[in-house]
Structures are given as C-alpha cells and as structure tokens.
Amino acid sequence: MQNFTSIDDVGDPMSLAHRALAIKKQPFKNNRLGENRVLGMVFFNASLRTRMSTTRAAYNLGMKVITLNVTSDSWQLELEDGAVMDQGKAEHIKDAIPVMSSYCDVLAVRAFPTLKDKEKDYKEEVLSAFLKHSRCPLINLESATLHPLQSLADLATIESYKMVERPRVVLTWAPHVSPLPQSVANSFAQWMNHTDYDFTITHPKGLELSEQFVSGANVEFSQEKALQNADFVYVKNWSSYEDYGKVIAAPDWIMNKKKLERTNQAKLMHCLPVRRNVVIADDALDSDHSIIYEQAENRLCSAQAVLESLLKDQD
Amino acid sequence: MQNFTSIDDVGDPMSLAHRALAIKKQPFKNNRLGENRVLGMVFFNASLRTRMSTTRAAYNLGMKVITLNVTSDSWQLELEDGAVMDQGKAEHIKDAIPVMSSYCDVLAVRAFPTLKDKEKDYKEEVLSAFLKHSRCPLINLESATLHPLQSLADLATIESYKMVERPRVVLTWAPHVSPLPQSVANSFAQWMNHTDYDFTITHPKGLELSEQFVSGANVEFSQEKALQNADFVYVKNWSSYEDYGKVIAAPDWIMNKKKLERTNQAKLMHCLPVRRNVVIADDALDSDHSIIYEQAENRLCSAQAVLESLLKDQD
Amino acid sequence: MQNFTSIDDVGDPMSLAHRALAIKKQPFKNNRLGENRVLGMVFFNASLRTRMSTTRAAYNLGMKVITLNVTSDSWQLELEDGAVMDQGKAEHIKDAIPVMSSYCDVLAVRAFPTLKDKEKDYKEEVLSAFLKHSRCPLINLESATLHPLQSLADLATIESYKMVERPRVVLTWAPHVSPLPQSVANSFAQWMNHTDYDFTITHPKGLELSEQFVSGANVEFSQEKALQNADFVYVKNWSSYEDYGKVIAAPDWIMNKKKLERTNQAKLMHCLPVRRNVVIADDALDSDHSIIYEQAENRLCSAQAVLESLLKDQD
C-alpha cells in the first residue's frame, strides 16, 4: 500500500480488516517495525479518537509522532494556485507539504469540508494537494468527502460481531443541529459496497448521498422498513448533498431503543462523537445493543494495520 | 495503587514520598517498566509544571505520552446526565472517557473548579466522571478540590529539607487578585494531617477551608503567631470556601523577607505559579529561605513514583 | 558547545555545517546518544519548519520531546523585573525558566520581537532571560534578532550546492505586506561574514540592518547590480531597523525568474514561509533555480548537528 486515502488504495479491504483484528490480539508483535520512523499528523480540524488512536497505533509500532495543529501551531495556509498572497495567509500549502513530508516518513492529514462550496469539497482541495506534493506516504484522517480509517474500523467491528455470514447492515440517517460532512456516510457506503453484506441506506428524501460513493447500495426511504431484520444499525447524520450543506430537520429519525427492538437484536454503531438525545436517545446508547465503544476501540488496531502496511511497503 | 486521585488512594503517603526521593537519585533505574505503555494526559485547563513534569516522569519510565487539550484539540464535552445535546457541546464526557481510556494504559486529567457552583465543584463533577467511566488507572492532575501530585511533591520536599524529626509546618494564606481554587490548600492540609508534623494553617477569618479536608489541623488567625518557630512556610492563596469563590482583599498577608526572618530560618514554599509582589515579595522569593524551585523539581520524581506504582500494580 | 543562541556559541561554523551534511547521510548513526534525555521546546510564536525539524532531529538522536505553546498551554509570563504582578500575567519568566529547565536536558525557545520597542528587542529580553535562568543548555529557535538554526541550514545548503570555492552570495530584501523581524537577515549576514564567500546585501535605502550583525558585509543599493554574477540569491523581507518595525513598500524588489536569469544561474533561497507573488513570483519559486525545499530539509540535519554537539558536551 502506497497511501491510505480511500478504499481505492486498498488491495483487499476485508483482509485488511482481519489484519486489524489480529493486531488487536497482539498489538506489540511489530513494535520495532517503525524504529527511526516518524508519523507526522497535520490537523486542520478538531479530533479526539482519530488523534489518539492513530498516535497510539504509531507508538505500538515503535514510531515516533509529530503533531501539528495547523491553525494554532503554525501559519494559515493558502490553497489557491497562483494567488497573490497579500492577505492573511502566510504560506502556500504547496510549499508547506514538501517541507513537512521531508521531516516525516508517513504524513497524515485531517481536513474537513467547507460545506459551502460543493465543487471544492468534492474535488478534495486539501487532500489532493497533499497527494500531489507529499514526498512520503499519506493517510487520510478524514477529508472533505471520506473517512476511510473510520470505515476500516467499522468493517472490522462488524466482522468481529457478526453472527451470520451475510449480515443485514443498515446505515440510517439521524437528526443533528448543525451541518455535518457526508464523509463518514460516503466512506461507509463505499466499504460496504465492497463486501457481500446485505447493505441498505435509509434517509429522508432530499438527503441522497453522492452517487460517486454510494452507487449500488440499496436505498430505502422508510426507516421502519429498512430496520426490519437488521443485524447492524449504523446511525449517522449528514447534511444535504443536493442542497449542499443544508441541515434538514426530521426529529422522528432519532434512533432509540424502541426502534432497535424491532430489529434482529441489532448491534448499534456510531462513529462518535454523538449528540445524545438528538441523534441517538440515551435508552439506545446505554442498552445492550450498543457496541459504540468497541467500535471506537477498533480505531486503534485499524490505524495500526494501515501504518504497518505503509511501513512494510516503504522498506 | 489502582488510581491516584487523592491521598485516600495511597497506602502509605510517607513511604511514597521517600520512594520519590529515591527515584530522584536514580531516575532511569526502571526505564523499561513502561515499555509499550502509554500515558494519556487530558487537560481542561492550562498547565506548565504538571504537564512537563508528568510527561518527563512517563518518559523516564519508558512510557509514551498522548496529550489532549480538550478545548482546542477536541470537542466541547457535555457533563450533564440525560442532556438533550442540541447546544454547543458535541460529545458527552461519559462517551469520551471510555474511548480515551481504551487507547491508554494510564489516564491523567486536569479539571479546575468553576468557583461558581460549590456543589458541583465539591462533588468533583469531572474527576468523578473519569473515575466512573475510565477503563484504566487514573491520575488527578489537579481537580476541583484537590491536587495530590503537588502534595506528594510538597511532602517529599519537606522530608528532604527538614532538620528535626517533627518540623513546624505552616500553611499561610496570601493575597491574590483573582479567584483561585482551594485545591492546593485542601490537598496539602490532607497530606499534612497524615504526618506527625506540627502543622498549622493561618488565614484571615472568612477564609476557612472545607472541614472535609482540613479537619484536625490547627487553625490560627494571626499570621504573626502562626509563623513563630516555623520550619516551613507554605504560602498559597485561595478564594473563599464559605462565600464561594469570593476574592478577599488582605494585602497585609503578603509574605516577605521580614516575616520569614521571624521564623526558625524557615524554608519558603509555594506551588507556583506565583504572582510576585502580590502573593510573595521579591525579597522573600529571591532569599535563601526559598526552596520553590527544588519543590517544583520534586514534581518530577513524585509523578514518577506515582506512575511507577500504577504500572507495577497493573502487571 | 554549551548553548546555541548565536554564531558566537559556535567554535567553527563551517565545520558544524559539514557535520550537518554528514548527519544527513547517516541520520541514525547516533540514535542512542540522546537516550534518557529530553528536549523541551518552548514556543511563544507559531512555527512549522522549526518545530517539526527540531523535533525530528531530537528523535533521530533517541531523545524525547516536550513541546509547550506558552500562550495556550500554560500561563502568560511576566518579563519585567520587580513587577507587582496584579495584572494578567500569572507567572514570572524568571520562575518559569528554572522550573522548565529542571525537567529537561536541553531547552529550546522561540520568541519573536515586538517590532515596536527596538531597545527591548535588541537586548533580547526573552532569550536573555532564558540564558540567565536556564539550568540546562539552550537552543535559540529564532529570537528577537537572530535565527541561527536557519543560518546553519543556509550555510550547509550553500556548501552542498556551490560550484566554486568562493561563490557569490547575495542577500536581497523583497517586499512584504506586514512587519517582519530582521532576525533571519541579521543572522544570515553574521554567518556569511564568517565565511570567505563573496557576500553582498542589497536593499532599498532606509532598510539598513543593524551594524551589530552585518558589519563588514558589502551593501549595494541597486538590486540589479547586486544580482550580477550571483551564484546564490537569498531572498528575504525585513521591516525597517531605523524606523523600527516600519513596512516599506517597494514592489519592484519582488524576485522573479527574469531577475534570476541575469545571474550566474543562481540558486534561489528563502527560509520560508514565503508569500508567493508578493516576495517571490511563482515563476521563480517553481523554476529550476529554486532550492527552497532542500534548504528547508537541511533544517533537520542542522538541528541534529546542534543537538548532537550539545549532548556530547553535556556528557
């Protein structure tokens, strides 16, 4: 693996998920693989799970870590090619990236979408610049449109909990108060489409995701129907792709225990952070259905599987 | 030791202080004890000594460290149980803690009091949530009411400087311009009450500390009387516990060289940061009485003794 | 070497530059030299290259790193001796430094000038306090008047690219929209004056640098003349030293490809960050003249040479 920016960089997603689960059992087996190697983590946005789990993953492989919060630690970066940089931005991203990558062996970047300019977001302005200018392998820590580290952890989680060969997995939209990216949903759909699970997406009309990522997935506009016989219920809000970035109110779509009880004893998943009693009710989050902490824990072994693979292919 | 959140977690405080002093002489003796182990440090508030000394302590034991400034690196955390999270806070603390602790082997947290809501502060809203939800051992890096890492360093410092078996130790309130927590004073009183030192607290009336922590200590309202024959003078401001969070003006209570000269050549202590010429005058801080830098330096070996003990009991 | 705060701390600058280039070829040769040692990095200002390259340099030597962003992680520091600290600043720098240095084996500090108070800046208020109060060796990560880590990398870069024994090196001022320190230019002049290169500084009248640092260098007010036969063109803006901190507009001084073509196929250098099309035009930065990324990359081996030297002399 040369980079990990989307599922397209992964030869065999299912095998990578199983590699992650194997690493979870023996996390220190390769704890000298990353000796003398440094992971650089560049954050344009806030992060808790991604920051901590990826750092820990690097440590477990014997790597060292440099973390840069771009906005507060460093300079505002210009993105526009050819800009006359006489405003607030002190450095062009095309100059910052080759420099940062010359100090690191692997570079990882988090850059959320604007949710205002669909075209810029969906051409992955920041991630593309990193791909173009980085001199070392790149990890996507959540970009404008995708969050593949999350999806890998999601796949590993489902694999470790599934009771049947071909579980019914439902991704359901849920309400939220502010505009959220489509990245987790886009990415999850992409990864699910690579499995032979029975996969369905459910959301109110007007919240269709980009065909680029979900194409091929079954879409059902009735949440009730979608949840029938579900083995896994993945809850996630996203803002509108069509009416780009719009928050659509549909409070009835909140996930709760009553809805889960009508499934096939489904496991409840969410990538976190979750706004309790807005996206998912306490009675569901605190029920036996919930595997959200195990899912979050699997971010660690998943990141470790990715780093391990990048390091091995650098040798 | 399972956690280090207050003196109640410590079997034998005096023995731990002497362990710290032994570590100070041989800081790298156990520099592989923490191999493959990670300390997660979670800051809700600013920190210099605690941040740096605890990090260094972890390094000396071969641990790695992940530091999270909650407010700037991550999400605002909701503390209220059952909250409908439709406001500014993106994640509930009850969800963040199990996740963070699943990436770490020891979790450490700093969370100051509000100094507005006495009940919330004195039930240790944040620290209690960590204790309840953490899946790994916990260190208190200063909570709403206590600062045990500081107190352990204070005890070690007194032990290393005392000239008599049972020194006279005086904790004296001093003025300050803004409302400060009672935590250092509460905690110091607690630890002193566990020794057989001759321990006295002096402060203006109206600045009584919580009985919960200082109970048993001798209180003297005349600073002059209290300082007589003192071997150690520990200076610290705190805001009112009674009239909760109120700043009480009493500029005469500033510590200075003249006052120290009336003691038994007392050693001057302060936990730092100290506002010079408000809390303590330059002539005292820059005199031979002062052991404030040695006291601060002892934060390192104290934190190391705590981490060592937690790691050993995890095995 | 006891400290690295300016060229005056360095016995033989040219030999240190060549040591850096040797380290670049074998970066892990001394990767246990820094075992059990910790570098403390204290930032009063933003940093990208310095932060990342110095951290990586420490890692390559087996050191661990503690990074403190003073303003956001810790307390506001008082600089004034004898101040009555009843305003916003919670800790005096004279107390913070001995404490920080007691937790570290090497301390590094970045503190930019005010560009408002020439006297304070040129007496190096912050750096001097560190020199006075630190109990461990000190590295200057760019101070009010100097940036020696940059200059060392600059010298190493010129040494690795020069085609003749005594290259013609030109430092040319270039326009900028906001007031920038003189530190990079001061320091570069100092280091160049220690070589036997043919060194010239060119800038508009009124932008003379401090004699303290550039004394002895050839100054030419015509950029066109200065650039003739140049082998290296180092572009850098600085605000006025005379009319302290003033931004002087001279857009014609922008560096571009056309100007470079009139040189002796000169290599183009800049310390970065660079505002494109204000300081240097895209056509120059993106031409074969540019060695800005190699120059930035050399920050790593230069910092490593400095750390190595400090560690060896601590033994």
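First, a word on what this report is: a plain description of the structure on this page.

Quick notes on the rules
Residues numbered from 1 in each chain as written. Chains lettered and ligands numbered in written order. Predicted model: local features only at pLDDT ≥ 70, side-chain atom pairs only at ≥ 80, totals over all residues. Heavy atoms only, no water. Helix = DSSP H or I, 4+ residues; strand = E, 2+ residues; numbered from the N terminus. Rg over C-alpha atoms; globule rule 2.2 N^0.38 Å. Buried < 20%, exposed > 50% of the residue type's maximum accessible area, 1.4 Å probe, protein only. Salt bridge = Lys/Arg side-chain N within 4 Å of Asp/Glu carboxyl O. Least-squares fit on C-alpha atoms with pLDDT ≥ 70 in both. Contact = heavy atoms within 4.5 Å. Buried area = accessible area lost by both parts, 1.4 Å probe. Polar contact = N/O pair within 3.5 Å; in protein donor to acceptor, adjacent residues only side chain to side chain. Nonpolar A, V, L, I, M, F, W, Y, C, P; charged D, E, K, R; others polar. Axes fitted to C-alpha atoms, helices over the stretch in contact; angles between N-to-C directions. Parallel < 35°, antiparallel > 145°, perpendicular 65-115°, else oblique. Left-handed = near helix turned anticlockwise from the far one by under 90°. Pairing = 2+ DSSP bridges. Right-handed = clockwise from strand over helix to strand, strands pointing away.

A count of helical and extended segments in chain A gives 13 helices and 11 strands. In terms of overall dimensions, chain A is globule-like: its C-alpha atoms have a radius of gyration of 19 Å, near the 20 Å expected for 315 residues. Seen through its C-alpha atoms, chain A measures out along the principal axes to roughly 55 × 50 × 30 Å. Counting every position in chain A, which comprises 315 residues, the buried fraction comes to 66%.

Attention now moves to the pattern of salt bridges. In total, this model carries 48 salt bridges over all chains according to the counting rule given. A salt bridge links A:Arg110 to A:Glu142, with the shortest nitrogen-to-oxygen separation between them at 3.4 Å. With A:Arg110 in strand S5 (residues 106-110) and A:Glu142 in the loop between strand S6 (138-140) and helix H7 (148-161), this pair connects stretches of sequence that are 32 residues apart. Among the residues examined, A:Glu142 registers a relative accessible area of 9% and is labelled buried. The partner of C:Asp95 in a salt bridge is B:Arg276, with the nearest N and O atoms 2.8 Å apart.

All right, on to the relation of the copies chain B and chain A then. Turning chain B through 120° and shifting it by 0.0 Å along the axis lays it on chain A, with an RMSD of 0.0 Å. On the angle and the small slide along the axis, the relation comes out as a three-fold axis.

We now examine the interface of chain B and chain A. Between chain B and chain A, the residue contacts involve 32 residues of the former and 32 residues of the latter. In total, about 2900 Å² of surface goes out of reach between chain B and chain A, with carbon and sulfur atoms giving 58% of it. Looking only at chain B, the three residues that lose the most surface to chain A are B:Asn36, B:Trp75 and B:Tyr103, adding up to 24% of its buried area. Our count for the chain B to chain A interface comes out at 4 salt bridges. A:Arg56 is the partner of B:Asp105 in a salt bridge, and the nearest nitrogen-oxygen pair spans 2.9 Å. In this assembly, chain B and chain A are joined by 17 residue pairs in polar contact (both at pLDDT 80 or more). Where the side of chain B that touches chain A is concerned, the elements lending two or more residues are strand S2 (64-69), strand S4 (91-92) and helix H4 (93-102) of chain B. Among the elements that take part in the side of chain B that touches chain A, H4(B) stands out by supplying 7 residues, more than any other. Looking at the side of chain B that touches chain A residue by residue, the classes come out as 15 nonpolar, 7 polar and 10 charged.

The next thing to look at is the packing of helix H7 (residues 148-161) of chain B against helix H8 (residues 183-193) of chain B. Residues and elements named next belong to chain B. Interhelical geometry of H7 versus H8 gives an angle of 50° and a closest axis separation of 9 Å. Considering their axes alone, H7 and H8 lie oblique with respect to each other. The chirality of how H7 crosses H8 is right-handed. Contacts from Pro148, Gln150, Ser151, Leu152, Asp154, Leu155 and Ile158 of H7 reach H8 at Val184, Ser187, Phe188, Trp191 and Met192. Here the contact of H7 with H8 is composed, by residue class, of 8 nonpolar, 3 polar and 1 charged.

All names here are of chain C. Note that strand S1 (residues 38-43) and strand S2 (residues 64-69) share 6 bridges and pair parallel. Bridged to valine 42 within S2 is leucine 68. The β-α-β motif built from S1, the intervening helix H2 (residues 49-60) and the parallel element S2 has right-handed crossover chirality.

Turning next to the sheet that holds S6(A). Pairing between the strands of a sheet is mediated by backbone hydrogen bonds and can be parallel or antiparallel. All names here are of chain A. With parallel pairing, the 4 strands of this open sheet are ordered in space as S2-S1-S5-S6. Bordering the open sheet on either side are strand S2 (64-69) and S6, each of which pairs with just one other strand. Shown here is a sheet whose adjacent strand axes are inclined to one another by a mean of 20°, direction ignored. Pairing between S5 and S6: 3 bridges, direction parallel. Following the sheet pairing, alanine 108 is matched in S6 by isoleucine 139. Lying on the sheet, helix H2 (residues 49-60) is in contact with strand S1 (38-43), S2 and S5; it crosses S1 at an angle near 175°. Running over the sheet, helix H6 (residues 125-133) touches S1, S5 and S6 and is turned about 165° from S6.

Just geometry here; none of it tells us what the structure is for.
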